[in-house]
Amino acid sequence: AQKVTQAQTEISVVEKEDVTLDCVYETRDTTYYLFWYKQPPSGELVFLIRRNSFDEQNEISGRYSWNFQKSTSSFNFTITASQVVDSAVYFCALSEASSNTGKLIFGQGTTLQVKP
Amino acid sequence: NAGVTQTPKFQVLKTGQSMTLQCAQDMNHEYMSWYRQDPGMGLRLIHYSVGAGITDQGEVPNGYNVSRSTTEDFPLRLLSAAPSQTSVYFCASSYWGSEGAFFGQGTRLTVV
C-alpha cells in the first residue's frame, strides 16, 4: 500500500540554522513521483518540487535542497540558513504513475517554526 | 489566469444543512480532486475526477457527493453536514496524472 510518513510533527530552529525535514514513502510502483508543498500561515498550498523515481539526482534551488534516496525510500528537504519567512507547514506527497488519476498521497506534515 | 478558484473561503453550517463548495479552474486540466485537511492528518482525498463525466471515490468519501459536467467545474456537495466535516477543504487540478497539482485557496468549513 502507498504511504508517506513525515515523522517530525514540529521543528523549531533559530534563524540562520540549517534544518532538514524528513520524508519516507512506501509504494509498490516502480514509477512514481514525489512532491514537496509549503503551506504558510496564510493557508495556501505552494508547490516546491516534483521528482520522478528515475531521477535520483539531488536538487538545489537557492537555500532549498532535496535529497532523494530510493535505497531508503526517502525524499528529505533541507533549508540552509533558515529565515523567519520559512515558517510554515511542509508536506511531502506521493503520486503513483499506475493510477494516473492525479491522486496525491500526503504525509502528515511538519510544522517548521523559525525564530528570529 | 485565475488558476483554481474555490468559493466560499469561509462557511459556517448547522448540523444537517447541505451546501456545495464550488471549484473552478481555467487551465483546461483534466484531473481534478478534493481534499480535506485536518490537524495532524495531512490532506486526505475525498473524491477525484479524470475528466468530464468521470468521478471516483478517494480515501474519505462518506457524506460527500461530486459531479463533473464540464472540464472547468468540480463542485463538492455536503449532503447533511455533520460536526466531523469541520475541516479545511482544498480543490486541486492538474493537466496530467502525475504532474503535481495546483491547489485552490481552500475553504474553511465549520459545522456547529
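Residues numbered from 1 in each chain as written. Chains lettered and ligands numbered in written order. Predicted model: local features only at pLDDT ≥ 70, side-chain atom pairs only at ≥ 80, totals over all residues. Heavy atoms only, no water.

Focus on the pairing of strand β10 (residues 88-96) of chain A
All names here are of chain A.
And then number 1: Counting buried positions over the 9 residues of β10 gives 8, a clear majority of the element.
And then number 2: In this sheet, β10 lies alongside strand β5 (residues 32-39) in antiparallel orientation, the contact comprising 8 bridges. Bridge pairing links Q39 to V89 in β10.
And then number 3: Pairing of β10 with strand β12 (residues 110-115), which is carried by 3 bridges, proceeds in the antiparallel orientation. Residue pairing across strands places Y90 opposite T110, the latter belonging to β12.
And then number 4: Direction of pairing for β10 relative to strand β11 (residues 105-106): antiparallel, over a ladder of 2 bridges. Bridge pairing in β11 places A93 opposite F106. (Buried < 20%, exposed > 50% of the residue type's maximum accessible area, 1.4 Å probe, protein only. Helix = DSSP H or I, 4+ residues; strand = E, 2+ residues; numbered from the N terminus. Pairing = 2+ DSSP bridges.)

Comments concerning the sheet that holds strand β7 (residues 64-66) of chain B
All names here are of chain B.
And then number 1: Strand order in the open sheet formed by 4 strands is β1-β3-β8-β7, and the pairing between neighbours is antiparallel. The sheet is open, and its two edges are formed by β1 (4-7) and β7, each paired on a single side. Each neighbouring strand pair of the sheet contributes to a mean axis angle of 20°, computed without reference to strand direction. (Axes fitted to C-alpha atoms, helices over the stretch in contact; angles between N-to-C directions.)

Observations regarding the pattern of salt bridges
And then number 1: Counted under the stated rule, the structure contains 5 salt bridges over all chains.
And then number 2: A salt bridge links R63 of chain A to D86 of chain A; the shortest N-O distance between them is 2.8 Å. Pair noted here: R63 of chain A is in the loop between β7 (59-61) and β8 (64-69) and D86 of chain A is in the loop between β9 (74-79) and β10, with a separation of 23 residues, a long-range link.
And then number 3: Look at R63 of chain A and you get partly exposed, because its relative accessible area is 24%.
And then number 4: A residue is classified by how much of its surface remains accessible, and D86 of chain A, at 1% relative accessible area, is buried.
And then number 5: We note a salt bridge from D38 of chain B to R44 of chain B, for which the minimum N-O separation is 2.8 Å. As far as the burial class goes, D38 of chain B and R44 of chain B line up, both buried. (Salt bridge = Lys/Arg side-chain N within 4 Å of Asp/Glu carboxyl O.)

Observations regarding the pairing of strand β2 (residues 10-14) of chain A
Residue and element names in this part refer to chain A.
And then number 1: Only one face of β2 is covered, namely the one carrying I11 and V13; the face carrying E10, S12 and V14 has none of its residues buried.
And then number 2: Where β2 meets β12, 5 bridges bridge the pair, whose relative direction is parallel. For E10, the partnering residue across the bridge sits in β12 and is T111.

Examining the packing of aromatic side chains
Two aromatic rings, taken as a pair, are described by how far apart their centres are and by the angle between their planes.
And then number 1: For the structure on display, the rule yields 19 aromatic pairs over all chains.
And then number 2: Consider the rings of F106 of chain A and F103 of chain B, whose centres lie 6.1 Å apart with planes at 70°: the pair is edge-to-face. Within this pair, whereas F106 of chain A is found in strand β11, its partner F103 of chain B is found in strand β10 (residues 102-103), the two belonging to separate chains. The residues F106 of chain A and F103 of chain B share a single accessibility class, namely buried.
And then number 3: The rings of F35, Y37, F47, F91 and F106 of chain A together with Y35, F90 and F103 of chain B are connected pair by pair, giving a single aromatic cluster.
And then number 4: Sitting over the ring of F74 of chain B, R68 of chain B keeps its end group 6.0 Å from the ring centre. (Phe/Tyr/Trp six-rings, centres within 6.5 Å; stacked < 30°, edge-to-face > 60°. Lys NZ or Arg CZ within 6 Å of the ring centre and 35° of its normal.)

Quick word on the environment of L13 of chain B
Residues and elements named next belong to chain B.
And then number 1: With respect to the helices, strands and loops of the structure, L13 is situated in strand β2 (residues 10-13).
And then number 2: Taking the relative accessible area as the measure of exposure, L13 reaches 5% and is therefore buried.
And then number 3: Remark: the alpha-carbon pair of L13 and R36, spanning 23 residues in sequence, is separated by 16 Å.
And then number 4: With residues near it in sequence (within four places) discarded, L13 still touches M19, A81, L109, T110, V111 and V112. (Contact = heavy atoms within 4.5 Å.)

Examining the nonpolar core
And then number 1: Counting 23 residues, the largest nonpolar core has W36, F77, Y90 and L112 of chain A as the members making the most contacts within it.
And then number 2: Sorting elements by how many residues they give to this core places β10 of chain A first, with 4 residues.
And then number 3: Ranked by size, the runner-up nonpolar core spans 19 residues in total, among them W34, I46, V60 and A81 of chain B. (Core = buried A, V, L, I, M, F, W, Y, C linked by side-chain atoms within 4.5 Å.)

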